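Here is how the chains run, residue by residue.
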Amino acid sequence: MAERVAEVRTDAALQVLDLGLTPFAETLARQEELVRLRLLGAVPDTLLLVEHPPVVTLGRAKQRENLILDPEELRRRGVEFFEITRGGDVTYHAPGQLVGYPIFDLRQHGRDVLLFCRGMEAALIAALADFGMSASAIPGKAGVWLGDRKVASLGISVRRWVTLHGFALNVSTDLSGFEVIRPCGEDPAVMTSMAASLGGPVSMPEVRRCVARRFAETFHIGEPAVLPGR
Amino acid sequence: MAIRLDMPQLGLTMEKGTILQWLRAEGETVQKGQPVVLIQTEKVEYEVEAPAAGMLLKVIAKEGVELPVGGLMGVLGQPGEDVSSLLAGTPVGIGSRADTLEPRAAPSPPGRVPGEPRAAEPVAARGPGERIKISPVAKKMAQEHGIDIAALTGTGPEGRIVREDVERAIATKSREPRAESRVDREALADSIPLAGIRKVIFDRMGQSWREAARVTLFADADMSELVRLRQARLADWERRFGIKPSYSDLIHLAVARALRDEPRINCRLDGQAVRIRKEVNLAFAVDLGEGLVAAVIRDADKQSLGDLARAARDLADRARSGRLSPDEMADGTFTVTNLGTVGVESFTPIINPPQAGILGVGKIMEKPVVRHGGIHVRSMMTLSLVFDHRLIDGAPAARFLTKVKELLEQPAWMG
């Protein structure tokens, strides 16, 4: 795949904004603003890295049957709920999960949204390899898999070739949280995390560093410029 | 003029998409570039923008409907426009062109025959070759404003073009629609956006041309023995392999063998290193009508003639129907491109980076050949090896080309 991924590279550098722990709504507004600026060419390709307080989001495909608890019940349990405009189905975010939102201009990356998804998968697989984990992509099942368990989900939205939304990588997520949904129509038990798979603690800052570096390596040249985003 | 809104091709491997939501209802107007409809393919949601300003005349595919790439989603146009011709027998083709169907040519102004050159108006009142009479002031003005004085009719003495004539022409010109909409009205046969596969070809060919230090080596291979061998063995091959190996297949076999014998050619640029590869992954160009792809036969040097022939047929068939997976186009180590099949004698193809070489194959033609003082009629074929001199030196390239030539000229080893 090296050759295909090389095609999605641009000769510009990647900017990474580290938002720490930030609520979903706030990050969504930040994404919208960055998309606007990216369309104007005012900012470079930007990767937002963030963890969210517990939240369930429903993509435009709106497969409500994959929502096990209704929004009211979710809120009672302290889980926020949003219907949003991204590809994909229902998903769950919580602390311990690294969420990445690439705001990339795909006109610089071969104008191929599927190739871009494959590139995201390749970057995450490379980042997992940094931890000695052998992950893979499964054709027709977007995301990153450790065997038959899903460690990262992805779903993006594209406006005039600029991307938003992105991926969610379970680093040390409490996997029981997934039981409120059928993630992308799958059994919640299909989800795993790096910590669960390795059987030990995983350093979130280290994962952030690796993901940032592997994204830059896949899509850009040079080292990523990592900035505090808050 | 009504415009098709087709399911766009958002990636080389995209086959179909689903309508998620119409952002405009039938009868609503939209500006060029505004989102009209949301679609989804795999885990990607995409806002399709209006290719031109107009009214959403018709929604063909309702929300939730899945369409192949190129399938008709809806029709954009002017209020009251008849779109029945667009809807009747809607062709569902592959391609991302959101451009007009049927009347591709712009509507002609009244009284003009379609296809008639438009530059002839207004007709200048002078014969061919006649000198254009124009005042110096008028001439300077015309030059400054880009007015074609040959198209002007002079109103001065003896038809001399004067300042007023040029001023009128400038005024007329400034009333004409801007350049962009003029292009829209031009009788374009077709318009292919620089997107998808076209964009990939655009970028990679350009990159190769800018960066590679190309050298081309030519060699004429005497194919007479191979022609004889193929004729003699074809029936047997067909029985054994279930397929008739073409000359291209025989050439692939020879090239794969030569790459194994001259591995220095089998290399790729990888960052700051020239990587000489163990496996011979032979790429061959497949014409798609619009666009081309290089399909890759893995470990080609380890395959029999029958395997190579079947692999090439299968890859080419699937490439043409758009069903090649990215893996089947990746990781080639050397490319063969045969234009001999369409009658080309010799040519210098462009290297497909990060590969370092490509072999152009010309047509097999009977030619007079001088040998041992006599003239003989032989079946000759020109090979052109283009290599990147940054990565490969001349001598190994020459050895490789000579090896290919020898393998083709003495084909008994092919069995």
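Right above here is the structure, for reference.
Being a predicted model, the structure only gives us computed values, none of them experimental. (Residues numbered from 1 in each chain as written. Chains lettered and ligands numbered in written order. Predicted model: local features only at pLDDT ≥ 70, side-chain atom pairs only at ≥ 80, totals over all residues. Heavy atoms only, no water.)

Visitor: I would appreciate a short explanation of the pairing of strand β10 (residues 162-170) of chain A in the present structure.
Guide: Two faces make up the sheet, and in a regular strand the side chains alternate between them. All names here are of chain A. Most of β10 is tucked away: 9 of the 9 residues are buried. Relative to β10, strand β9 (residues 149-159) is paired through 8 bridges, and the arrangement is antiparallel. The partner of V158 across the bridge, within β10, is T163. The antiparallel pairing of β9 with β10 creates a hairpin that spans 2 residues between the two strands, and R160 there sits at a positive phi of about 45°. (Buried < 20%, exposed > 50% of the residue type's maximum accessible area, 1.4 Å probe, protein only. Helix = DSSP H or I, 4+ residues; strand = E, 2+ residues; numbered from the N terminus. Pairing = 2+ DSSP bridges.)

Visitor: Honestly, the packing of aromatic side chains in this entry has me stumped. Any pointers?
Guide: The description of two aromatic rings rests on the distance between their centres and on the angle between their planes. This model, assessed by the stated rule, comprises 10 aromatic pairs over all chains. Measuring from ring centre to ring centre gives 5.2 Å for A:Y92 and A:F178, while their planes differ by 65°; the resulting arrangement is edge-to-face. Taken as a pair, A:Y92 in strand β5 (residues 90-93) and A:F178 in the loop between β10 and α5 (194-198) lie far apart in primary sequence, 86 residues in all. A:F178 shares its class with A:Y92; the two are buried. Here B:F334 and B:F400 contribute two aromatic rings whose centre-to-centre distance is 5.3 Å and whose plane-to-plane angle is 70°, an arrangement assigned as edge-to-face. (Phe/Tyr/Trp six-rings, centres within 6.5 Å; stacked < 30°, edge-to-face > 60°.)

Visitor: What is the right way to read empty space enclosed by the protein from this model?
Guide: Unoccupied space between atoms shows up once a probe the size of one water molecule is rolled over them. Residues and elements named next belong to chain A. Scanning all chains against the criterion turns up 2 cavities of 30 Å³ or more. Space inside the second largest cavity adds up to approximately 30 Å³. The wall of the second largest cavity is formed by L124, A127, L128, F131, L169, M194, V207 and V211. Elements that contribute at least two residues to the lining of the second largest cavity include exactly α4 (113-129) and α6 (204-219). (1 Å grid on protein atoms, 1.4 Å probe; cavity = no way out; pocket = protein on both sides within 12 Å on 5 of 7 lines; lining within 4 Å. Points joined across faces, edges and corners; volume = space filled by probe spheres on them.)

Visitor: So what exactly am I meant to see when it comes to the nonpolar core here?
Guide: Within the largest apolar cluster, 64 residues are counted, with the highest numbers of intra-cluster contacts made by A:F167, A:L169, A:V211, A:F215 and B:M73. With 9 residues, α4(A) is the single largest residue contributor to this core. Sequence-distant contacts of A:F215, defined by excluding residues within four places in its chain, comprise A:L14, A:L47, A:P102, A:F104, A:M120, A:A123, A:L124, A:F167 and A:H220. Counting residues in each nonpolar core, the second largest holds 56 residues, with B:L253, B:L259, B:L391 and B:I392 among its members. (Core = buried A, V, L, I, M, F, W, Y, C linked by side-chain atoms within 4.5 Å. Contact = heavy atoms within 4.5 Å.)

Visitor: I tried to follow unusual backbone geometry on my own but got confused; where do I start?
Guide: When glycine is set aside, most residues are seen to have a negative phi, and most peptide bonds are trans. In this structure, the amide linkage connecting B:P353 to the following residue, B:P354, adopts the cis form with an omega of 5°. Considering the arrangement of structural elements, one finds B:P354 in the loop between β14 (334-338) and β15 (357-361). Backbone geometry places A:R160, a non-glycine residue, at a positive phi of 45°. With respect to the helices and strands, the residue A:R160 is situated in the loop between β9 and β10. Of the residues examined, A:R160 reaches a relative accessible area of 45% and is grouped as partly exposed. Even without glycine at this site, A:H165 takes up a positive phi of about 60°. Looking at the secondary structure, you find A:H165 in strand β10.

Visitor: It is not clear to me how the packing of helix α7 (residues 247-261) of chain B against helix α8 (residues 305-320) of chain B should be interpreted in this structure. Could you clarify?
Guide: When two helices pack together, their arrangement is given by the angle between the helix axes and by the axis-to-axis distance. Residue and element names in this part refer to chain B. Where α7 meets α8, the closest approach of the two axes is 9 Å, and the angle between their N-to-C directions is 120°. Overall, the two elements α7 and α8 adopt an arrangement that is oblique. The crossing of α7 and α8 is right-handed. Contact with α7, carried on its side by D249, L250, H252 and L253, involves L305, L308, A309 and A312 of α8 and no other residues of that element. Its residues placed into classes, the contact of α7 with α8 shows 6 nonpolar, 1 polar and 1 charged. (Axes fitted to C-alpha atoms, helices over the stretch in contact; angles between N-to-C directions. Parallel < 35°, antiparallel > 145°, perpendicular 65-115°, else oblique. Left-handed = near helix turned anticlockwise from the far one by under 90°. Nonpolar A, V, L, I, M, F, W, Y, C, P; charged D, E, K, R; others polar.)

Visitor: Just checking my understanding: could you explain the sheet that holds strand β4 (residues 80-83) of chain A for this structure?
Guide: Strand pairing in a sheet relies on backbone hydrogen bonds, with the paired strands running either antiparallel or parallel. All names here are of chain A. One open sheet holds the 3 strands; their spatial order is β4-β3-β5, and the pairing between them is mixed. Two strands bound the open sheet, and with one partner strand each, they are β4 and β5. Shown here is a sheet whose adjacent strand axes are inclined to one another by a mean of 20°, direction ignored.

Visitor: Looking at this structure, how should I read the sheet that holds strand β1 (residues 3-6) of chain B?
Guide: Residues and elements named next belong to chain B. Spatially, β1-β8-β6-β3 is the arrangement adopted by the 4 strands of the open sheet, whose pairing is antiparallel. At either end of the open sheet lies a strand with only one pairing partner, and these are β1 and β3 (29-30). By the bridge criterion, 4 bridges tie strand β6 (residues 54-59) to strand β8 (residues 72-77) in an arrangement that is antiparallel. Within β8, the position partnered with V59 by the bridge is G74.

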